[in-house]
Amino acid sequence: MDTEKLASIISNTHGEWTERREALASIRSYVTDFQKSGSQEFSEVISSLESLLQNQFPTLLLDRRSTLVKEACETLTLLSEVFRDHLQNTVIALLPTFFKILPNTIKVISEAANSCLTTLLTNVRSNTNTLAQLFDGVKHTHPAVRARCFFFIGFIVSLPFNKTVIEEESEKLEKSFELGLGDAIETVRSNARKAYFSWADQFPERANRFKETLEPSIQKR
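No experiment lies behind these values; they were computed from the predicted model shown. (Residues numbered from 1 in each chain as written. Predicted model: local features only at pLDDT ≥ 70, side-chain atom pairs only at ≥ 80, totals over all residues. Heavy atoms only, no water.)

Participant: I'd love a proper account of the environment of Gln56, names of residues and values included.
Facilitator: Mapping Gln56 onto the fold places it in the loop between α3 (42-55) and α4 (57-61). Once the C-alpha coordinates of Gln56 and Ser11 are considered, the two residues, 45 residues apart in sequence, prove to be 5.8 Å apart. In contact with Gln56, other than residues within four places in its own chain, are Ala7, Ile10, Ser11 and Ser51. (Helix = DSSP H or I, 4+ residues; strand = E, 2+ residues; numbered from the N terminus. Contact = heavy atoms within 4.5 Å.)

Participant: Give me the lowdown on the packing of aromatic side chains, citing residues and values where you can.
Facilitator: A full pass over the atoms with the stated rule returns twelve aromatic pairs. Note on Phe177 and Trp199: the rings are 5.5 Å apart at their centroids and 45° apart in plane angle, and the pair reads as tilted. Here Phe177 is found in helix α11 (residues 170-181), whereas its partner Trp199 is found in helix α12 (residues 186-202), with 22 residues between them in sequence. Judged by its relative accessible area of 0%, Phe177 falls in the buried class. For Trp199, a relative accessible area of 0% translates into the label buried. Here the aromatic rings of Tyr196 and Phe210 are separated by 6.0 Å at their centres, their planes lie at 45°, and the arrangement is tilted. Here Phe210 lies in helix α13 (residues 204-213) and Tyr196 lies in helix α12, a separation of 14 residues in the sequence. Site record: aromatic cluster; members linked through ring pairs are Phe177, Tyr196, Phe197, Trp199 and Phe210. The cationic tip of Arg148 hangs over the ring face of Phe152; the distance from NZ or CZ to the ring centre is 5.5 Å. The ring of Phe203 is capped by Lys163, whose NZ or CZ atom sits 5.8 Å from the centre of that ring. (Phe/Tyr/Trp six-rings, centres within 6.5 Å; stacked < 30°, edge-to-face > 60°. Buried < 20%, exposed > 50% of the residue type's maximum accessible area, 1.4 Å probe, protein only. Lys NZ or Arg CZ within 6 Å of the ring centre and 35° of its normal.)

Participant: Summarise the packing of helix α1 (residues 3-11) against α3; cite the residues concerned and give the values.
Facilitator: Running from amino to carboxyl end, α1 crosses α3 at an angle of 15°, the nearest separation of the two axes being 10 Å. Taken together, α1 and α3 sit at an angle that is classed as roughly parallel. Pair α1 / α3 crosses with right-handed handedness. Taken together, the residues of α3 that come into contact with α1 (itself represented by Thr3, Leu6, Ala7 and Ile10) are Ser48, Leu49 and Leu52. Residues of the contact of α1 with α3, tallied by class, amount to five nonpolar, two polar and no charged. (Axes fitted to C-alpha atoms, helices over the stretch in contact; angles between N-to-C directions. Parallel < 35°, antiparallel > 145°, perpendicular 65-115°, else oblique. Left-handed = near helix turned anticlockwise from the far one by under 90°. Nonpolar A, V, L, I, M, F, W, Y, C, P; charged D, E, K, R; others polar.)

Participant: A description of α3 should follow, citing residues and the corresponding values.
Facilitator: Given a rise of 1.5 Å per residue, 14 residues ought to cover 20 Å, and the 20 Å separating the end C-alpha atoms of α3 matches this to within 8%. At Leu49, α3 shows its strongest bend, of approximately 45°. Buried residues of α3: Phe42, Val45, Ile46, Leu49, Leu52 and Leu53, and no others. Close packing links the buried residues of α3 with α1, α2 (17-37), α4, α5 (66-83) and α6 (88-101). (Expected span 1.5 Å × (residues − 1). Bend = angle between axes of the 7 residues up to and from the residue.)

Participant: Please set out the side chain of Asp183 residue by residue, giving values where relevant.
Facilitator: Structurally, Asp183 can be placed in the loop between α11 and α12. Residue Asp183 is classed as buried on the basis of its relative accessible area of 11%. Separated by 2.9 Å, the side chains of Asp183 and Arg146 make a polar contact. Reaching out from Asp183, the side chain makes a polar contact with the backbone nitrogen of Ile185 at a distance of 2.8 Å. (Polar contact = N/O pair within 3.5 Å; in protein donor to acceptor, adjacent residues only side chain to side chain.)

Note that all results are geometric; they support no functional claim without further evidence.
Rendered as structure tokens:
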């Protein structure tokens, strides 16, 4: 697969959009063939795709054409199913782009982005860098981004294979929960509460200690 040619096509926003769509189909076909071959050379394939995914995919995800956004999400979903944790750096690199499209007023785009990111976080183990992006996201100026970031924090916390990194990041989680539980927007507070309860299910003693440190006005919300 000629990744340089594909990168050139995908980044050409002034060309025929159908060519960009065909480029995505080529990537999916390549990945599907790789999966069928039974090869275990995951690192080698991801190495060849990483620059394309991290540098050109943001352009696709931010495109105004919902068809391109949906197909970019479909491609990322397939990649996460095949390459799992080998896609970790790409997920981290793309999170800021997802934050830009999650509040998109075009419902089909925001729903595609939300579904895609949920799948990526399901298939790809989170690390401190993943959480760092979400901790930044809960401070975003757009309430929809803050709310979704708390949703994804709660989702990550609920996945057993993330327990170690969640324990390592407990202090930062607490700071984020304090922000979210005191947020002026109810949706943000609601998602922050749900994320907190997911965390409390796994770390009840620490969660209770944290709750006692909150201002009474926040505890009542």
